[in-house]
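Single-letter residue listing:
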Amino acid sequence: MPHKTIEEVRYQLKVWGMFQATQELGSGYASISTTSRICEMLKTQIWASSDLHLFSHLSDNAHEPEHISNVTEALNKLTSSYRRSIIIKYKTSLSKANPKKEDLDNYYTREGENYLLGLL
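A quick note: this is a predicted structure, and the numbers were derived from the prediction, not measured.

**A look at the overall build of the protein**
Argument step 1. Each helix and strand in the protein was counted, giving six helices and zero strands.
Argument step 2. Along the protein, helices and strands appear, N-terminal first, in the series α-α-α-α-α-α.
Argument step 3. Looking at the 120 residues of the protein, the share that counts as buried comes to 28%.
Argument step 4. Considering only contacts in the protein between residues 6 or more positions apart, those separated by 24 or more positions represent 69%.
Argument step 5. In the form shown here, the protein has an accessible surface area of approximately 8,200 Å², with 54% of it arising from carbon and sulfur atoms.

**Some remarks on the environment of Thr72**
Argument step 1. Considering the arrangement of structural elements, one finds Thr72 in helix α3 (residues 66-76).
Argument step 2. C-alpha of Thr72 to C-alpha of Gln20: the two residues are 52 residues apart in sequence and 9.8 Å apart in space.
Argument step 3. A distance of 2.9 Å separates a polar atom in the side chain of Thr72 from a polar atom in the side chain of Trp16.

**Focus: the nonpolar core**
Argument step 1. Counting residues in hydrophobic clusters, the biggest one holds 16 residues, and the most contacted among them are Leu13, Leu75, Ile86 and Leu116.
Argument step 2. Every element with two or more residues in this core is listed here: α1 (6-25), α3 and α4 (80-90).
Argument step 3. In terms of residue count, α1 provides more of this core than any other element does, five residues in total.
Argument step 4. Among all residues touching Ile86, those that are not within four sequence positions of it are Leu13, Leu75, Leu78, Lys91, Thr109, Gly112, Glu113 and Leu116.

**Section: helix α6 (residues 107-117)**
What sets the pattern is the α-helix's 3.6 residues per turn: residues three or four places apart point alike.
Argument step 1. Looking at α6, one finds that the buried residues are Thr109, Gly112, Glu113 and Leu116. Taken end-on, α6 shows its buried residues confined to a sector of 100°, consistent with a single buried face.
Argument step 2. Measuring from the backbone nitrogen of Tyr108 back to the side-chain oxygen at the start of α6 gives 3.1 Å, which picks out Asn106 as the cap.

**Looking at the confidence of the model for the protein**
Argument step 1. Of the residues in the protein, 71% reach a pLDDT of 70 or more, and the chain-wide mean stands at 78.
Argument step 2. Low pLDDT, under 50, characterises residues 54-60; the predicted model gives this stretch two contacts beyond four residues in sequence or across chains.

Basis of the calculations
- Residues numbered from 1 in each chain as written.
- Predicted model: local features only at pLDDT ≥ 70, side-chain atom pairs only at ≥ 80, totals over all residues.
- Heavy atoms only, no water.
- Helix = DSSP H or I, 4+ residues; strand = E, 2+ residues; numbered from the N terminus.
- Buried < 20%, exposed > 50% of the residue type's maximum accessible area, 1.4 Å probe, protein only.
- Contact = heavy atoms within 4.5 Å.
- Areas by Shrake-Rupley, 256 points an atom, 1.4 Å probe, with all protein chains shown as cover.
- Polar contact = N/O pair within 3.5 Å; in protein donor to acceptor, adjacent residues only side chain to side chain.
- Core = buried A, V, L, I, M, F, W, Y, C linked by side-chain atoms within 4.5 Å.
- Arc of directions from axis to C-beta.
- pLDDT = per-residue confidence, 0-100.

Structure below.
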């Protein structure tokens, strides 16, 4: 398996963060415009169909794509400090209008990203 670069790891974390943030928001299909839905699918590489309204939206029926679950598993192997810092940078900061620079780039975030180089 070829080695990943830090840019590839950061891209995977960004896609993971966008997916997780949208899951927490709980926005339904009808509450997002068609153009926004297409942009979201292109960014996250998660293809959703318009028949989502036919299925239950309970968490039991939530589907996490394989590339997202791989990142989740890798994050679970990190220490709590690294994991918390990465979650703040890639997931929580999406909901903030002006996230603090120290939340986005600090020692724990960089070390967590470096550790994920070998896990993803």
